[in-house]
Amino acid sequence: MSAVPTDYSLRSSRRRLGDRIGDVALRGTTLIAALAAVALLGAIVWKVLALAWPSITHYGLSFVTGETWDPVKKVFGALPFIYGTAMSSLIALVIATPLAIAIALWLSELAPGGVRGVVGSLVEMLAAIPSVVLGLWGILVLGPFLANHLEPWLHDKLGFIPLFGEPSPTGTGLFTAGLILTIMVVPIIASICRELFLQVPDELEEGALALGATRWEMVRGVILPSTRTGIAAAIILGLGRALGEAIAVTQVIGGGTMISSNLFAPIDTLASKIAASYQGAGSGLETASLLYLAAILLVIGLLTNLAAQVIVRVFDPLKGAH
Amino acid sequence: MSAVTPPISLRASGGLRRRRLVNKLMEGVGWTSALLAVAVLFVVIVSVAVRAWPALSWDFFTKPPALFGQPGGGISSAIVGSLLIVAIATAIALPIGILIAIYLTEFAPRSVARPIQLVLDVLNGLPTIITGIFVFGVVVIDHGQSAYAAGFALSIVMLPLVARAAQETLLLVPSALREGSLALGVSRWRSVVGVILPTTFGGVLTGAILAVARAAGETAPLLFTCSIFNPAVSTDVTHALPNIPVLIFTYSEQPDQALHEQAWGAALVLMMFVLVSSLLAKALLARSRRKLGR
Amino acid sequence: MMTDDVTIPVDVAPVEIAQERRTPSPTQRKVVFDIRDLAVTYGPTTAISGVDLEIYGNLITAFIGPSGCGKSTFIRSLNRMNDLVPGAKVDGRVLYHGQDIYGDGVDPVEVRRRIGMVFQRANPFPKSIYDNVAWGPRVLGMKKALDERVEKALTRAALWDEVKDRLKKSALSLSGGQQQRLCIARAIAIEPEVLLLDEPASALDPIATAAIEELMHDLKDQYTIVIVTHNMQQAARVADMTAFFSLQVEEGKRTGILVEYENTDKLFTNPADKRTEDYVTGRFG
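To keep things clear, this report deals only with the structure shown in the data block. (Residues numbered from 1 in each chain as written. Chains lettered and ligands numbered in written order. Predicted model: local features only at pLDDT ≥ 70, side-chain atom pairs only at ≥ 80, totals over all residues. Heavy atoms only, no water.)

1. As for the overall build of chain C
In terms of helices and strands, chain C carries ten helices and ten strands. Burial analysis of chain C (285 residues in total) assigns 59% to the buried set. By sequence separation, contacts in chain C at least 24 residues apart represent 68% of the contacts at least 6 residues apart. Carbon together with sulfur atoms contributes 49% to the accessible area of chain C, which is approximately 11800 Å² in total. Each charge sign in chain C was given a centre, from 35 positive and 40 negative side chains, and these centres are 6 Å apart. (Helix = DSSP H or I, 4+ residues; strand = E, 2+ residues; numbered from the N terminus. Buried < 20%, exposed > 50% of the residue type's maximum accessible area, 1.4 Å probe, protein only. Contact = heavy atoms within 4.5 Å. Areas by Shrake-Rupley, 256 points an atom, 1.4 Å probe, with all protein chains shown as cover. Lys, Arg positive; Asp, Glu negative; His and termini not counted. Charge placed at Lys NZ, Arg CZ, Asp CG, Glu CD.)

2. Here we look at the interface of chain A and chain C
Taken together, the contacts link 23 residues of chain A with 25 residues of chain C. In this assembly, chain A packs against chain C so that about 1900 Å² is buried in total across both faces, 67% of it on carbon and sulfur atoms. It is Glu206(A), Ala210(A) and Leu211(A) that lose the most area in chain A upon contact with chain C, and together they represent 33% of the buried surface on that side. The interface formed by chain A and chain C holds two salt bridges in total. Sorting the residues of the side of chain A that touches chain C by element identifies α7 (202-210) and α8 (215-226) of chain A as the ones contributing at least two each. Sort the elements by how many residues they give to the side of chain A that touches chain C and α7(A) lands first, with seven residues. Residues belonging to the side of chain A that touches chain C are distributed by class as follows: twelve nonpolar, seven polar and four charged. (Buried area = accessible area lost by both parts, 1.4 Å probe. Salt bridge = Lys/Arg side-chain N within 4 Å of Asp/Glu carboxyl O. Nonpolar A, V, L, I, M, F, W, Y, C, P; charged D, E, K, R; others polar.)

3. Some thoughts on the pairing of strand β1 (residues 31-42) of chain C
Residues and elements named next belong to chain C. Most of β1 sits inside the fold, with nine of its twelve residues counted as buried. Two successive antiparallel strands, β1 and strand β2 (residues 45-56), enclose a turn made up of two residues, where Gly43 displays a positive phi of approximately 55°. The sheet contact formed by β1 and strand β4 (residues 88-96) spans eight bridges and is antiparallel. Its bridge partner lying in β4, Val40 is registered against Val90. (Pairing = 2+ DSSP bridges.)

4. Regarding the nonpolar core
Judged by nonpolar contacts, the single largest core of 190 residues is most densely connected at Ile44(A), Phe197(A) and Ile129(B). Setting aside residues no more than four positions away along its own chain, Ile44(A) makes contact with Leu298(A), Leu123(B), Leu126(B), Ile130(B), Phe134(B) and Ile156(B). Ile129(C), Ala157(C), Leu197(C) and Ala235(C) belong to the second largest nonpolar core, which has 51 residues in total. (Core = buried A, V, L, I, M, F, W, Y, C linked by side-chain atoms within 4.5 Å.)

See below:
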């Protein structure tokens, strides 16, 4: 073994000791911050489950299928709120998905140069409106309009379908909540989809048009298929937003515990039930049950988010295309 | 040149005319959808503004809410409370978010960066009411509601936004700059702190503003952490402070016209703050992109 | 139809593929495109101007010239692909079998159906090999005997033997040269009359290039082929007629103009214009 002559050593001299400490310190601090984010997510999951634990052990999984929520008789079940969450999100997605994709296509393919940027910004601004403001608007403006006009009309024309039952007197109910969620979800899906559509190489679009396809045939044959997983992820991200929205939904959904086929009837979602009952919870068991609702919401929220992220990361039909 | 050319038609005929029609129809759907989104935005802004108008006055901004049953009053205490809460949230989220971004872009190997990125994305998509319950569990149960608990809750909302924005601007830094600095024998931390971070200032600021705008309108995390009614103007962050989102939420649930008017006023203030900051952030972003030559 | 002896210009490498050059006499020529005073502008810049020429049927016509001389702009104006470029404006007339493709009531979609195009970079759709070829006919309503149509197109594009066992595989799994032949198959599946090739081999290796050149030669019986190439040897190898575009600089503005249009042999061996001579002998560009 030969000793390295110190004169030619590339090791840091003492003068550089400060730098080495600095390097380690910076790396260490940033690593700690990153680990803190991971720990935070873990802590959130752990804490919410821990808070809900008394009622989880009390009810077991039958809580999820329990149809009654009666604080007086102290019987609690999550099914009405799971139904409310599923239906309000479904309404939102059914309306928002085609609308958002159409907006995204318009922004990426059709919009004249001059208005493209402006409308794009306006759609983004729609996403920036605080949910509590949208909820206020929903309860005092949109609700009454729906109650007086749209809901009676739908009931008249389509009343034979049980979904369109008696209009609500004030305009609060599942349907209104679904529409408010639509407004929140459209800009989310639209802006993700616009980015996706813009990523489709121009050559592919030209290739389709050069075959004598119309613009719509090009969209349907090339743009939509090559972005379909991204679109799916965008929809799931929108779903995550709709499932978890508490405030605006609380304001407009009316609050109820009865599962009804009538879309205009009041109900609650998981999130809105928690938000609406946070103060008034009478018994320890009711509080624990609300926290159980939160645990269910957490699990659903985590799953939808993970699903969206995994789809984006794993599948990409354009993979390999240039 | 041969005299006889076969008669061909370049006009739309038969099948093509039908395909053209479908195309026109779908273009119409695109235009209508875009118009609808813009119309909804305008309807919301205008109807908030119209209803807020009667509430707006000097007193509205300078006076705390009137005591129960009395007329008048304003939202000054809620404005102060909101500012403090958001300031606390920013003070927590901004440095940590930047540190995370530095770790992800400068140090982390891919295999480590990806799961951390995933965690941040999941945090970003978490229902904010869950965040509220978490902070309720770790702080409020033992120490009661307070502005700092609310700030902590909002910082969790802001953290992934700040980290993502900082990360994106760090990635924009030309690798030539990064390598150039390292090639001069400058140590890693000096090059990060002295060369790379300063160039990302604009982008990070943009992200911070957007995160503030988002946090300022969040209500759900505050319900469990800072919602006890307290009309007085106060800067004591160890107690629950009145704030704008909770004020709008509680007023909107009351059947009282006067309170509705106040809620509209507060909603306009909040909405304008959020929209103006978003626009500002966008303008800043455009500027810093130009500076980095993109 | 007569066949000249192929005279190879000094700077052109010997061509391995069988070559049969056609120089139909003026009376035998079938005019497909009659282009009159064509000019294309993008906003304030003029890409090409004053282009006058005729393109004849069942020949390969090559367009050569230095980069930026407007060759691509020119070829894209033959099937109205320039319509897709914001701010592009076309003046003059492009008569296709006597009809102005920019005339009133002319549908660009119909124009593009009849005049197919293959691009510089192979651009197969992210679909299966089969669906790439079948997509055009499906969209255009040519749904009868689709399998046969696909097979025929792939065969004509000299790709069938290589892909017949994996038609359901993604087109993106093919090599660059195969992808480009797939794009040719895709273009001829809808039975166009003209094939426009915009530097179709510029991203390919020499073997794949030779395959494409051979293919062009096979296709000219059935199609009128227009090719843009930055590679003079390629034009010399494949083209019956060659047009030379160049840049004219006036008052600081650069405009693409047509300098000379001749039989390929004449253009390369005995050009009439000094600028052409400088270019083909390598003194310029």
